[in-house]
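Residue-level structure breakdown
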Amino acid sequence: MHEVTVVGAGLVGCLAALAFADRGHKVALYDARPDLRSEAELKNASLRSINLAVSARGIEALRSVDTKMAERVLADIIPMYGRMIHDLQGGQHAQAYGLWGECINSIDRAQLNRTMLDVIEDNANITFFPEHKLTNISLSRKDKKYQRPTSTFETKEGEERVVESDYIIGADGAFSKTRDRLQRYVRMNYAQQYIDCVYLELKIPKADGPDPFSISPNHLHIWPRHKYMLIALANGDGSFTSTLFAPPALMEQVCESQNTFISFFKEQFPDAYELMGESQILESYENNPRSPLVSLKCSPYNHKGECLLVGDAAHCMVPFYGQGMNAGFEDIRVLMEILDEKKWNVEEAFNTYTERRHKDLVAIVDLAMRNYVEMSHSVVSLPYLIRKKVDGVLGRVFSSAWVPLYSMVSFRADIPYSKALSRSARQDRIIGNIVNWTSFAGLVGMGALFYYKGRHLFGRLFE
Ligand SMILES: Cc1cc2nc3c(=O)[nH]c(=O)nc-3n(C[C@H](O)[C@H](O)[C@H](O)COP(=O)(O)OP(=O)(O)OC[C@H]3O[C@@H](n4cnc5c(N)ncnc54)[C@H](O)[C@@H]3O)c2cc1C
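Just so it is clear, the model here is predicted, and its values are computed rather than measured.

Inspection of the region around the ligand gives 27 residues, with Asp-31, Arg-33, Ala-53, Arg-109 and Asp-312 positioned closest. With respect to the ligand, the backbone of Ala-32 contributes an N or O atom lying 3.1 Å from a nitrogen atom. Asn-326 places a polar side-chain atom, nitrogen or oxygen, 3.0 Å from an oxygen atom of the ligand. Protein contacts shield 84% of the accessible area of the ligand, which totals 1000 Å² for the unbound molecule. Those elements that place two or more of their residues in the shell around the ligand are helix H1 (11-22), strand S3 (51-54), strand S9 (132-138) and helix H11 (324-341).

What follows is about helix H10 (residues 278-287). Of the residues making up H10, those classed as buried are Gln-280, Ile-281, Leu-282, Ser-284 and Tyr-285. Contacts made by the buried residues of H10 are with strand S13 (189-204), helix H8 (258-268) and helix H9 (270-276).

All right, on to the sheet that holds strand S7 (residues 104-108) then. Each strand in a sheet pairs with its neighbour through backbone hydrogen bonds, running either in the same direction (parallel) or in the opposite one (antiparallel). Spatial ordering of the open sheet is given by S3-S7-S4, a layout of three strands whose pairing is antiparallel. The sheet is open, and its two borders are formed by S3 and strand S4 (78-80), each paired with just one other strand. Neighbour-to-neighbour, the strand axes of this sheet turn through a mean angle of 35 degrees, independent of strand direction. Where S3 lies against S7, four bridges are found, and the strand directions are antiparallel. Counted as the bridge partner of Val-54 is Asn-105 from S7. In the packing of H11 onto the sheet, the strands contacted are S3 and S7, and the crossing angle to S3 comes to about 55 degrees.

Here we come to the packing of helix H3 (residues 56-65) against helix H4 (residues 67-74). Axis separation between H3 and H4 bottoms out at 5 Å; the angle between their running directions is 140 degrees. The orientation of H3 with respect to H4, classified from their angle, is oblique. Along the contact surface, H3 presents Ile-59, Leu-62, Arg-63 and Val-65, while H4 presents Thr-67, Met-69, Ala-70, Val-73 and Leu-74. When grouped by side-chain class, the residues that make up the contact of H3 with H4 number seven nonpolar, one polar and one charged.

Quick look at helix H5 (residues 109-121) now. Across its 13 residues, H5 extends 18 Å between first and last C-alpha, which sits within 8% of the 18 Å expected from 1.5 Å per residue. For H5, every residue scored as buried is listed here: Leu-112, Asn-113, Arg-114, Thr-115, Met-116, Leu-117, Val-119 and Ile-120.

A few words now on the sheet that holds strand S17 (residues 291-299). As summarised here, the arrangement of the eight strands in space is S6-S5-S14-S15-S16-S13-S17-S20, forming an open sheet in which the pairing is mixed. Each of the sheet's edge strands pairs with one partner strand only, and the pair in question is strand S6 (92-96) and strand S20 (315-316).

For the rest of this paragraph, the subject is the domain arrangement of the protein chain. Split by domain assignment, the protein chain resolves into domain 1 (3-80 + 99-191 + 294-372), domain 2 (193-292) and domain 3 (381-443). Residue-level contacts link 22 residues of domain 1 with 20 residues of domain 3. Roughly 1800 Å² of surface becomes buried between domain 1 and domain 3 when both sides are summed, with 62% attributable to carbon and sulfur atoms. Among the residues domain 1 hides against domain 3, the three largest losses belong to Arg-57, Leu-99 and Tyr-321. Together they make up 37% of the total. Between the two partners, domain 1 and domain 3, sit zero salt bridges. At the junction of domain 1 and domain 3, the tally comes to seven residue pairs in polar contact (both at pLDDT 80 or more). When contributions to the side of domain 1 that touches domain 3 are tallied by element, the ones reaching two or more residues are H3, H11 and helix H12 (346-376). A per-element tally of the side of domain 1 that touches domain 3 places H12 first, with seven residues.

A cluster of nonpolar side chains, namely Val-393, Val-397 and Phe-398, defines an oily patch on the protein surface of about 290 Å² accessible area. Following the sequence through the fold, Val-397 ends up in helix H13 (residues 382-397).

Reading the values: rules and limits
Residues numbered from 1 in each chain as written. Predicted model: local features only at pLDDT ≥ 70, side-chain atom pairs only at ≥ 80, totals over all residues. Heavy atoms only, no water. Near = heavy atom within 4 Å. Polar contact = N/O pair within 3.5 Å; in protein donor to acceptor, adjacent residues only side chain to side chain. Areas by Shrake-Rupley, 256 points an atom, 1.4 Å probe, with all protein chains shown as cover. Helix = DSSP H or I, 4+ residues; strand = E, 2+ residues; numbered from the N terminus. Buried < 20%, exposed > 50% of the residue type's maximum accessible area, 1.4 Å probe, protein only. Contact = heavy atoms within 4.5 Å. Pairing = 2+ DSSP bridges. Axes fitted to C-alpha atoms, helices over the stretch in contact; angles between N-to-C directions. Parallel < 35°, antiparallel > 145°, perpendicular 65-115°, else oblique. Nonpolar A, V, L, I, M, F, W, Y, C, P; charged D, E, K, R; others polar. Expected span 1.5 Å × (residues − 1). Domains from an automatic or database assignment. Buried area = accessible area lost by both parts, 1.4 Å probe. Salt bridge = Lys/Arg side-chain N within 4 Å of Asp/Glu carboxyl O. Patch = residues over 30% accessible without salt bridge, like charges linked within 9 Å, V, L, I, M, F, W, Y side chains within 5 Å.

Pasting the structure below:
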(Lines give C-alpha, C1' and ligand atoms only; values in the text may rest on other atoms or scores of the structure.)
Protein backbone atom coordinates (compact mmCIF):
# COMPACT_ATOMS: atom_id res chain seq x y z
CA MET A 1 0.00 0.00 0.00
CA HIS A 2 1.30 3.46 -0.95
CA GLU A 3 0.67 6.74 0.82
CA VAL A 4 -0.35 9.30 -1.80
CA THR A 5 -0.74 13.06 -1.47
CA VAL A 6 -3.11 14.60 -4.01
CA VAL A 7 -2.91 18.39 -4.22
CA GLY A 8 -6.15 19.95 -5.51
CA ALA A 9 -9.66 18.58 -5.02
CA GLY A 10 -10.96 19.94 -8.32
CA LEU A 11 -12.38 17.55 -10.89
CA VAL A 12 -9.12 15.86 -11.83
CA GLY A 13 -7.71 15.69 -8.28
CA CYS A 14 -10.92 14.02 -7.07
CA LEU A 15 -10.75 11.42 -9.83
CA ALA A 16 -7.06 10.81 -9.09
CA ALA A 17 -7.82 10.31 -5.38
CA LEU A 18 -10.59 7.84 -6.18
CA ALA A 19 -8.41 5.94 -8.66
CA PHE A 20 -5.52 5.46 -6.19
CA ALA A 21 -7.90 4.61 -3.34
CA ASP A 22 -9.69 2.08 -5.53
CA ARG A 23 -6.40 0.22 -5.92
CA GLY A 24 -6.02 0.03 -2.17
CA HIS A 25 -3.71 2.99 -1.56
CA LYS A 26 -4.08 5.52 1.24
CA VAL A 27 -4.82 8.97 -0.15
CA ALA A 28 -4.68 12.38 1.52
CA LEU A 29 -6.50 14.94 -0.65
CA TYR A 30 -5.84 18.66 -0.04
CA ASP A 31 -7.45 21.80 -1.41
CA ALA A 32 -6.85 25.47 -0.77
CA ARG A 33 -10.58 26.24 -0.98
CA PRO A 34 -13.22 25.49 1.64
CA ASP A 35 -15.31 22.37 1.08
CA LEU A 36 -17.54 23.05 -1.95
CA ARG A 37 -20.42 21.43 -0.08
CA SER A 38 -20.29 23.89 2.83
CA GLU A 39 -23.24 26.25 3.21
CA ALA A 40 -21.27 29.34 2.22
CA GLU A 41 -19.89 27.67 -0.90
CA LEU A 42 -23.32 26.33 -1.88
CA LYS A 43 -24.73 29.85 -1.66
CA ASN A 44 -21.88 31.11 -3.79
CA ALA A 45 -22.42 28.37 -6.38
CA SER A 46 -26.12 29.15 -6.69
CA LEU A 47 -25.16 32.62 -7.91
CA ARG A 48 -22.89 31.28 -10.64
CA SER A 49 -23.64 27.96 -12.29
CA ILE A 50 -20.95 26.96 -14.76
CA ASN A 51 -21.44 24.02 -17.04
CA LEU A 52 -18.98 22.05 -19.10
CA ALA A 53 -19.24 19.68 -22.03
CA VAL A 54 -18.35 16.13 -21.06
CA SER A 55 -17.69 13.74 -23.92
CA ALA A 56 -16.50 10.18 -24.58
CA ARG A 57 -13.01 10.50 -23.07
CA GLY A 58 -14.29 12.01 -19.83
CA ILE A 59 -17.12 9.48 -19.53
CA GLU A 60 -14.83 6.55 -20.30
CA ALA A 61 -12.32 7.73 -17.69
CA LEU A 62 -14.99 8.25 -15.00
CA ARG A 63 -16.32 4.75 -15.68
CA SER A 64 -12.83 3.24 -15.63
CA VAL A 65 -12.38 4.50 -12.06
CA ASP A 66 -15.82 4.07 -10.50
CA THR A 67 -18.85 2.95 -12.48
CA LYS A 68 -21.30 3.78 -9.69
CA MET A 69 -19.93 7.30 -9.27
CA ALA A 70 -19.98 7.73 -13.06
CA GLU A 71 -23.62 6.65 -13.17
CA ARG A 72 -24.45 9.11 -10.40
CA VAL A 73 -22.77 12.12 -11.96
CA LEU A 74 -23.90 11.33 -15.49
CA ALA A 75 -27.55 10.93 -14.47
CA ASP A 76 -28.24 14.65 -14.94
CA ILE A 77 -26.29 15.36 -18.11
CA ILE A 78 -28.05 17.02 -21.02
CA PRO A 79 -27.11 15.63 -24.44
CA MET A 80 -26.11 18.12 -27.13
CA TYR A 81 -26.28 16.65 -30.62
CA GLY A 82 -24.88 19.62 -32.49
CA ARG A 83 -24.27 23.32 -32.69
CA MET A 84 -27.11 25.77 -33.16
CA ILE A 85 -25.81 28.77 -35.05
CA HIS A 86 -27.64 32.04 -34.37
CA ASP A 87 -27.33 34.63 -37.14
CA LEU A 88 -27.66 38.39 -36.81
CA GLN A 89 -31.31 38.29 -37.83
CA GLY A 90 -32.13 35.82 -35.05
CA GLY A 91 -32.33 32.83 -37.42
CA GLN A 92 -31.13 29.46 -36.08
CA HIS A 93 -29.27 26.83 -38.13
CA ALA A 94 -28.42 23.41 -36.69
CA GLN A 95 -25.13 21.63 -37.47
CA ALA A 96 -24.89 18.03 -36.22
CA TYR A 97 -21.73 17.07 -34.30
CA GLY A 98 -21.61 13.44 -35.34
CA LEU A 99 -22.51 11.41 -38.39
CA TRP A 100 -24.41 8.81 -36.41
CA GLY A 101 -26.35 10.86 -33.88
CA GLU A 102 -23.53 11.05 -31.31
CA CYS A 103 -23.55 13.81 -28.72
CA ILE A 104 -21.49 15.68 -26.17
CA ASN A 105 -23.17 16.49 -22.86
CA SER A 106 -23.72 19.54 -20.72
CA ILE A 107 -22.83 18.95 -17.07
CA ASP A 108 -22.88 21.24 -14.04
CA ARG A 109 -19.25 21.60 -12.95
CA ALA A 110 -19.92 22.40 -9.28
CA GLN A 111 -22.45 19.60 -8.95
CA LEU A 112 -20.02 17.15 -10.54
CA ASN A 113 -17.28 18.24 -8.13
CA ARG A 114 -19.62 18.02 -5.13
CA THR A 115 -20.81 14.52 -6.07
CA MET A 116 -17.21 13.38 -6.42
CA LEU A 117 -16.48 14.79 -2.95
CA ASP A 118 -19.51 12.90 -1.57
CA VAL A 119 -18.16 9.67 -3.04
CA ILE A 120 -14.73 10.49 -1.60
CA GLU A 121 -16.24 11.02 1.84
CA ASP A 122 -17.62 7.47 1.75
CA ASN A 123 -14.24 6.02 0.78
CA ALA A 124 -12.30 4.80 3.81
CA ASN A 125 -8.99 5.08 1.92
CA ILE A 126 -9.27 8.84 1.34
CA THR A 127 -9.02 11.69 3.83
CA PHE A 128 -10.00 15.12 2.55
CA PHE A 129 -8.40 18.30 3.94
CA PRO A 130 -10.09 21.48 2.66
CA GLU A 131 -8.53 24.88 3.37
CA HIS A 132 -5.01 23.52 3.06
CA LYS A 133 -2.98 25.57 0.63
CA LEU A 134 0.17 24.01 -0.78
CA THR A 135 3.17 26.29 -0.32
CA ASN A 136 6.07 23.97 -1.04
CA ILE A 137 7.16 20.48 -1.96
CA SER A 138 10.46 18.86 -1.14
CA LEU A 139 11.74 15.94 -3.20
CA SER A 140 14.84 13.72 -3.41
CA ARG A 141 15.45 14.03 0.31
CA LYS A 142 16.32 17.69 -0.02
CA ASP A 143 14.86 18.08 3.43
CA LYS A 144 17.07 15.63 5.32
CA LYS A 145 14.59 15.38 8.19
CA TYR A 146 12.32 13.25 5.98
CA GLN A 147 12.91 9.98 4.13
CA ARG A 148 10.17 10.57 1.56
CA PRO A 149 8.77 13.49 -0.49
CA THR A 150 7.02 16.16 1.57
CA SER A 151 4.33 18.73 0.87
CA THR A 152 3.93 21.83 3.00
CA PHE A 153 0.46 23.30 3.49
CA GLU A 154 -0.79 26.46 5.09
CA THR A 155 -4.05 25.96 6.96
CA LYS A 156 -6.92 28.40 7.36
CA GLU A 157 -5.55 29.33 10.78
CA GLY A 158 -2.19 30.19 9.22
CA GLU A 159 -0.43 27.11 10.61
CA GLU A 160 2.13 25.21 8.58
CA ARG A 161 1.70 21.46 8.10
CA VAL A 162 4.38 19.27 6.56
CA VAL A 163 3.10 15.99 5.17
CA GLU A 164 5.26 13.05 4.13
CA SER A 165 4.09 10.54 1.53
CA ASP A 166 5.40 8.10 -1.08
CA TYR A 167 4.56 10.46 -3.93
CA ILE A 168 2.66 13.65 -4.74
CA ILE A 169 0.05 14.06 -7.47
CA GLY A 170 -0.21 17.73 -8.46
CA ALA A 171 -3.77 18.44 -9.62
CA ASP A 172 -3.86 22.06 -8.51
CA GLY A 173 -4.98 23.65 -11.75
CA ALA A 174 -3.61 26.11 -14.28
CA PHE A 175 -1.59 28.15 -11.78
CA SER A 176 -0.24 25.08 -10.03
CA LYS A 177 2.08 25.57 -7.08
CA THR A 178 3.17 21.96 -7.43
CA ARG A 179 4.36 22.67 -10.98
CA ASP A 180 6.08 25.84 -9.83
CA ARG A 181 8.03 23.93 -7.14
CA LEU A 182 8.64 20.89 -9.36
CA GLN A 183 10.65 23.10 -11.69
CA ARG A 184 13.37 23.23 -9.02
CA TYR A 185 13.96 19.52 -9.48
CA VAL A 186 13.51 18.90 -13.21
CA ARG A 187 14.62 20.76 -16.31
CA MET A 188 11.06 21.47 -17.30
CA ASN A 189 10.22 22.87 -20.71
CA TYR A 190 7.41 25.25 -20.13
CA ALA A 191 5.33 27.46 -22.44
CA GLN A 192 2.43 29.63 -21.38
CA GLN A 193 0.38 31.85 -23.63
CA TYR A 194 -2.41 34.25 -22.78
CA ILE A 195 -4.55 34.35 -25.90
CA ASP A 196 -6.03 37.55 -27.23
CA CYS A 197 -9.41 36.72 -25.78
CA VAL A 198 -11.18 37.15 -22.45
CA TYR A 199 -14.53 35.79 -21.36
CA LEU A 200 -17.51 36.98 -19.38
CA GLU A 201 -20.23 34.68 -18.08
CA LEU A 202 -23.90 35.50 -18.56
CA LYS A 203 -27.14 33.64 -18.06
CA ILE A 204 -30.32 32.91 -19.98
CA PRO A 205 -32.95 32.42 -17.27
CA LYS A 206 -35.41 29.55 -17.37
CA ALA A 207 -38.58 30.29 -19.27
CA ASP A 208 -41.97 30.64 -17.63
CA GLY A 209 -44.47 28.10 -18.83
CA PRO A 210 -44.57 24.34 -19.23
CA ASP A 211 -41.26 24.12 -21.16
CA PRO A 212 -38.53 25.72 -19.04
CA PHE A 213 -36.10 25.82 -22.00
CA SER A 214 -36.48 28.91 -24.16
CA ILE A 215 -34.17 27.44 -26.84
CA SER A 216 -33.20 23.86 -27.64
CA PRO A 217 -31.41 22.28 -24.65
CA ASN A 218 -29.92 19.66 -26.97
CA HIS A 219 -27.61 22.01 -28.86
CA LEU A 220 -24.58 24.07 -28.00
CA HIS A 221 -25.74 27.51 -29.06
CA ILE A 222 -23.25 29.76 -30.83
CA TRP A 223 -23.58 33.35 -31.96
CA PRO A 224 -20.44 33.54 -34.14
CA ARG A 225 -19.41 37.07 -35.04
CA HIS A 226 -15.92 36.40 -36.47
CA LYS A 227 -13.76 38.29 -33.96
CA TYR A 228 -15.96 37.44 -30.98
CA MET A 229 -18.74 35.05 -30.10
CA LEU A 230 -21.36 34.16 -27.55
CA ILE A 231 -22.16 30.57 -26.59
CA ALA A 232 -24.79 28.94 -24.35
CA LEU A 233 -25.15 25.47 -22.77
CA ALA A 234 -28.30 24.22 -21.05
CA ASN A 235 -28.65 23.62 -17.31
CA GLY A 236 -31.04 21.08 -15.83
CA ASP A 237 -33.37 23.76 -14.42
CA GLY A 238 -34.12 25.26 -17.86
CA SER A 239 -31.59 28.09 -17.66
CA PHE A 240 -28.51 28.36 -19.88
CA THR A 241 -24.99 29.34 -18.92
CA SER A 242 -23.77 31.69 -21.59
CA THR A 243 -20.25 32.97 -22.23
CA LEU A 244 -19.12 35.95 -24.24
CA PHE A 245 -15.61 35.56 -25.72
CA ALA A 246 -13.93 38.66 -27.16
CA PRO A 247 -10.51 40.27 -27.56
CA PRO A 248 -9.63 42.25 -24.40
CA ALA A 249 -9.60 45.60 -26.23
CA LEU A 250 -13.08 45.04 -27.62
CA MET A 251 -14.38 43.75 -24.28
CA GLU A 252 -13.07 46.88 -22.60
CA GLN A 253 -14.73 49.04 -25.23
CA VAL A 254 -18.15 47.39 -24.97
CA CYS A 255 -17.93 47.24 -21.18
CA GLU A 256 -17.26 50.96 -20.90
CA SER A 257 -20.72 51.54 -19.45
CA GLN A 258 -24.02 49.75 -18.97
CA ASN A 259 -25.33 51.55 -22.06
CA THR A 260 -22.49 50.47 -24.34
CA PHE A 261 -22.84 46.89 -23.14
CA ILE A 262 -26.60 46.79 -23.71
CA SER A 263 -26.28 48.45 -27.14
CA PHE A 264 -23.64 45.89 -28.12
CA PHE A 265 -25.97 43.05 -27.14
CA LYS A 266 -28.96 44.55 -28.92
CA GLU A 267 -26.98 45.03 -32.13
CA GLN A 268 -24.91 41.86 -32.19
CA PHE A 269 -27.02 39.27 -30.37
CA PRO A 270 -30.61 40.55 -30.66
CA ASP A 271 -32.25 37.19 -29.93
CA ALA A 272 -29.91 36.51 -26.99
CA TYR A 273 -30.76 39.98 -25.67
CA GLU A 274 -34.45 39.02 -25.69
CA LEU A 275 -33.77 35.63 -24.11
CA MET A 276 -31.59 37.04 -21.31
CA GLY A 277 -33.50 40.22 -20.61
CA GLU A 278 -31.84 43.53 -19.87
CA SER A 279 -31.74 43.16 -16.08
CA GLN A 280 -30.06 39.73 -16.28
CA ILE A 281 -27.47 41.07 -18.74
CA LEU A 282 -26.73 44.00 -16.45
CA GLU A 283 -26.45 41.73 -13.42
CA SER A 284 -23.76 39.68 -15.19
CA TYR A 285 -22.09 42.86 -16.42
CA GLU A 286 -21.88 44.21 -12.87
CA ASN A 287 -20.96 41.05 -10.98
CA ASN A 288 -18.97 38.74 -13.24
CA PRO A 289 -15.27 39.16 -13.95
CA ARG A 290 -13.69 39.40 -17.40
CA SER A 291 -11.38 36.41 -17.14
CA PRO A 292 -8.29 35.68 -19.21
CA LEU A 293 -7.72 32.46 -21.14
CA VAL A 294 -4.41 30.73 -20.84
CA SER A 295 -2.86 27.92 -22.82
CA LEU A 296 -0.02 25.99 -21.27
CA LYS A 297 2.29 23.13 -22.16
CA CYS A 298 5.08 21.66 -20.09
CA SER A 299 7.27 18.59 -19.99
CA PRO A 300 8.28 16.40 -18.22
CA TYR A 301 5.28 15.96 -15.95
CA ASN A 302 7.19 14.09 -13.26
CA HIS A 303 10.26 13.93 -11.09
CA LYS A 304 11.23 10.28 -10.75
CA GLY A 305 8.49 8.41 -8.90
CA GLU A 306 8.07 11.27 -6.44
CA CYS A 307 5.80 13.81 -8.07
CA LEU A 308 3.52 13.91 -11.12
CA LEU A 309 1.36 16.66 -12.62
CA VAL A 310 -2.12 15.92 -14.02
CA GLY A 311 -5.06 17.93 -15.35
CA ASP A 312 -4.76 21.68 -15.89
CA ALA A 313 -1.59 21.72 -13.79
CA ALA A 314 0.09 19.82 -16.63
CA HIS A 315 -1.77 21.07 -19.69
CA CYS A 316 -4.07 24.02 -19.68
CA MET A 317 -6.00 24.60 -22.87
CA VAL A 318 -8.38 27.24 -24.12
CA PRO A 319 -11.96 25.95 -23.78
CA PHE A 320 -12.94 25.84 -27.45
CA TYR A 321 -12.80 22.08 -27.96
CA GLY A 322 -14.51 21.37 -24.63
CA GLN A 323 -11.68 19.01 -23.75
CA GLY A 324 -9.84 20.45 -20.70
CA MET A 325 -11.66 18.35 -18.12
CA ASN A 326 -12.05 15.43 -20.53
CA ALA A 327 -8.30 15.35 -21.13
CA GLY A 328 -7.65 15.68 -17.38
CA PHE A 329 -9.93 12.72 -16.64
CA GLU A 330 -8.23 10.78 -19.42
CA ASP A 331 -4.86 11.52 -17.74
CA ILE A 332 -6.03 9.45 -14.78
CA ARG A 333 -7.25 6.54 -16.91
CA VAL A 334 -3.98 6.46 -18.85
CA LEU A 335 -1.92 6.80 -15.65
CA MET A 336 -3.69 3.89 -13.97
CA GLU A 337 -3.24 1.72 -17.07
CA ILE A 338 0.49 2.46 -17.11
CA LEU A 339 0.85 1.87 -13.34
CA ASP A 340 -0.87 -1.51 -13.75
CA GLU A 341 1.27 -2.31 -16.79
CA LYS A 342 4.46 -1.46 -14.84
CA LYS A 343 3.24 -3.50 -11.86
CA TRP A 344 3.21 -0.35 -9.74
CA ASN A 345 6.89 0.42 -10.20
CA VAL A 346 5.98 4.07 -9.73
CA GLU A 347 9.16 5.66 -11.06
CA GLU A 348 9.06 3.62 -14.26
CA ALA A 349 5.34 4.31 -14.63
CA PHE A 350 5.66 8.10 -14.12
CA ASN A 351 8.54 8.25 -16.64
CA THR A 352 6.54 6.21 -19.15
CA TYR A 353 3.50 8.42 -18.56
CA THR A 354 5.47 11.55 -19.45
CA GLU A 355 6.91 9.87 -22.56
CA ARG A 356 3.62 8.46 -23.85
CA ARG A 357 1.20 11.16 -22.86
CA HIS A 358 3.07 14.27 -23.94
CA LYS A 359 2.37 14.11 -27.68
CA ASP A 360 -1.35 13.63 -27.02
CA LEU A 361 -1.53 16.57 -24.65
CA VAL A 362 0.36 18.85 -27.02
CA ALA A 363 -2.04 17.78 -29.78
CA ILE A 364 -5.18 18.67 -27.82
CA VAL A 365 -3.76 21.97 -26.53
CA ASP A 366 -3.05 22.94 -30.17
CA LEU A 367 -6.40 21.66 -31.43
CA ALA A 368 -8.24 23.67 -28.78
CA MET A 369 -6.48 26.82 -29.96
CA ARG A 370 -7.44 26.06 -33.58
CA ASN A 371 -11.09 25.52 -32.69
CA TYR A 372 -11.59 29.14 -31.62
CA VAL A 373 -11.30 30.19 -35.26
CA GLU A 374 -13.68 27.40 -36.25
CA MET A 375 -16.34 28.32 -33.69
CA SER A 376 -16.19 32.08 -33.99
CA HIS A 377 -15.65 32.37 -37.72
CA SER A 378 -15.48 29.26 -39.91
CA VAL A 379 -18.87 27.78 -38.94
CA VAL A 380 -20.52 30.39 -41.16
CA SER A 381 -18.01 30.38 -44.03
CA LEU A 382 -18.92 28.63 -47.29
CA PRO A 383 -15.55 26.87 -47.89
CA TYR A 384 -15.73 25.41 -44.35
CA LEU A 385 -19.30 24.22 -44.87
CA ILE A 386 -18.37 22.62 -48.22
CA ARG A 387 -15.36 20.84 -46.68
CA LYS A 388 -17.51 19.70 -43.76
CA LYS A 389 -20.08 18.28 -46.19
CA VAL A 390 -17.37 16.36 -48.08
CA ASP A 391 -15.91 15.16 -44.75
CA GLY A 392 -19.35 13.91 -43.72
CA VAL A 393 -20.03 12.13 -47.01
CA LEU A 394 -16.65 10.36 -46.86
CA GLY A 395 -17.27 9.46 -43.20
CA ARG A 396 -20.61 7.90 -44.08
CA VAL A 397 -19.37 6.04 -47.17
CA PHE A 398 -16.07 4.80 -45.69
CA SER A 399 -17.25 4.57 -42.08
CA SER A 400 -14.51 2.19 -40.91
CA ALA A 401 -11.63 4.12 -42.49
CA TRP A 402 -12.74 7.75 -42.31
CA VAL A 403 -13.69 9.56 -39.10
CA PRO A 404 -14.07 13.36 -39.06
CA LEU A 405 -11.70 15.11 -36.65
CA TYR A 406 -14.42 16.35 -34.28
CA SER A 407 -15.75 12.78 -33.97
CA MET A 408 -12.27 11.38 -33.26
CA VAL A 409 -11.69 13.94 -30.51
CA SER A 410 -15.13 13.96 -28.93
CA PHE A 411 -16.63 10.52 -29.52
CA ARG A 412 -13.69 8.14 -29.83
CA ALA A 413 -11.84 7.64 -26.56
CA ASP A 414 -9.94 4.81 -28.28
CA ILE A 415 -8.15 7.21 -30.66
CA PRO A 416 -5.37 9.16 -28.89
CA TYR A 417 -5.40 12.92 -29.55
CA SER A 418 -2.12 12.83 -31.49
CA LYS A 419 -3.43 10.06 -33.78
CA ALA A 420 -6.63 12.06 -34.32
CA LEU A 421 -4.54 15.07 -35.32
CA SER A 422 -2.30 13.18 -37.77
CA ARG A 423 -5.21 11.24 -39.29
CA SER A 424 -7.16 14.45 -39.77
CA ALA A 425 -4.17 16.10 -41.49
CA ARG A 426 -4.21 13.23 -44.04
CA GLN A 427 -7.98 13.46 -44.42
CA ASP A 428 -7.75 17.24 -44.85
CA ARG A 429 -5.31 16.81 -47.74
CA ILE A 430 -7.72 14.39 -49.44
CA ILE A 431 -10.68 16.73 -48.89
CA GLY A 432 -8.58 19.60 -50.26
CA ASN A 433 -7.80 17.59 -53.39
CA ILE A 434 -11.44 16.59 -53.88
CA VAL A 435 -12.64 20.18 -53.47
CA ASN A 436 -9.90 21.50 -55.79
CA TRP A 437 -10.49 18.87 -58.47
CA THR A 438 -14.25 19.32 -58.28
CA SER A 439 -13.86 23.09 -58.62
CA PHE A 440 -11.40 22.58 -61.50
CA ALA A 441 -13.74 20.12 -63.22
CA GLY A 442 -16.60 22.58 -62.71
CA LEU A 443 -14.57 25.40 -64.28
CA VAL A 444 -13.55 23.20 -67.24
CA GLY A 445 -17.19 22.18 -67.70
CA MET A 446 -18.35 25.79 -67.63
CA GLY A 447 -15.55 26.76 -70.03
CA ALA A 448 -16.59 24.01 -72.44
CA LEU A 449 -20.21 25.10 -72.23
CA PHE A 450 -19.33 28.75 -72.98
CA TYR A 451 -17.10 27.65 -75.85
CA TYR A 452 -19.84 25.48 -77.34
CA LYS A 453 -22.54 28.16 -76.93
CA GLY A 454 -20.15 30.90 -78.13
CA ARG A 455 -19.19 28.99 -81.28
CA HIS A 456 -22.83 28.58 -82.22
CA LEU A 457 -23.58 32.24 -81.58
CA PHE A 458 -20.53 33.51 -83.50
CA GLY A 459 -21.20 30.94 -86.25
CA ARG A 460 -24.70 32.33 -86.70
CA LEU A 461 -23.52 35.98 -86.61
CA PHE A 462 -21.02 35.46 -89.43
CA GLU A 463 -23.17 33.18 -91.56
C1 LIG B 1 -14.77 29.11 -19.67
C2 LIG B 1 -14.30 27.68 -19.58
C3 LIG B 1 -15.06 26.68 -20.16
C4 LIG B 1 -14.63 25.34 -20.12
N5 LIG B 1 -15.38 24.39 -20.73
C6 LIG B 1 -14.96 23.10 -20.72
C7 LIG B 1 -15.74 22.08 -21.34
O8 LIG B 1 -16.81 22.34 -21.90
N9 LIG B 1 -15.28 20.80 -21.29
C10 LIG B 1 -14.10 20.46 -20.69
O11 LIG B 1 -13.72 19.28 -20.71
N12 LIG B 1 -13.35 21.41 -20.08
C13 LIG B 1 -13.74 22.71 -20.07
N14 LIG B 1 -13.00 23.67 -19.44
C15 LIG B 1 -11.74 23.28 -18.77
C16 LIG B 1 -12.01 22.69 -17.40
O17 LIG B 1 -12.74 23.58 -16.60
C18 LIG B 1 -10.67 22.38 -16.74
O19 LIG B 1 -9.85 21.70 -17.65
C20 LIG B 1 -10.85 21.53 -15.50
O21 LIG B 1 -11.64 22.20 -14.56
C22 LIG B 1 -9.47 21.21 -14.91
O23 LIG B 1 -9.63 20.51 -13.73
P24 LIG B 1 -8.43 20.42 -12.69
O25 LIG B 1 -8.95 19.60 -11.57
O26 LIG B 1 -7.19 20.01 -13.38
O27 LIG B 1 -8.17 21.91 -12.22
P28 LIG B 1 -9.14 22.86 -11.40
O29 LIG B 1 -10.55 22.59 -11.72
O30 LIG B 1 -8.63 24.24 -11.60
O31 LIG B 1 -8.91 22.43 -9.89
C32 LIG B 1 -7.72 22.73 -9.22
C33 LIG B 1 -7.96 22.64 -7.73
O34 LIG B 1 -6.72 22.87 -7.07
C35 LIG B 1 -6.94 23.75 -5.98
N36 LIG B 1 -5.68 24.47 -5.73
C37 LIG B 1 -5.11 25.43 -6.48
N38 LIG B 1 -3.96 25.84 -5.92
C39 LIG B 1 -3.81 25.12 -4.77
C40 LIG B 1 -2.83 25.09 -3.74
N41 LIG B 1 -1.76 25.89 -3.77
N42 LIG B 1 -2.99 24.22 -2.73
C43 LIG B 1 -4.07 23.39 -2.68
N44 LIG B 1 -5.04 23.39 -3.62
C45 LIG B 1 -4.90 24.24 -4.65
C46 LIG B 1 -8.07 24.66 -6.43
O47 LIG B 1 -8.74 25.21 -5.33
C48 LIG B 1 -8.94 23.68 -7.22
O49 LIG B 1 -9.90 23.07 -6.42
C50 LIG B 1 -13.41 25.02 -19.47
C51 LIG B 1 -12.64 26.02 -18.87
C52 LIG B 1 -13.08 27.34 -18.93
C53 LIG B 1 -12.22 28.40 -18.31
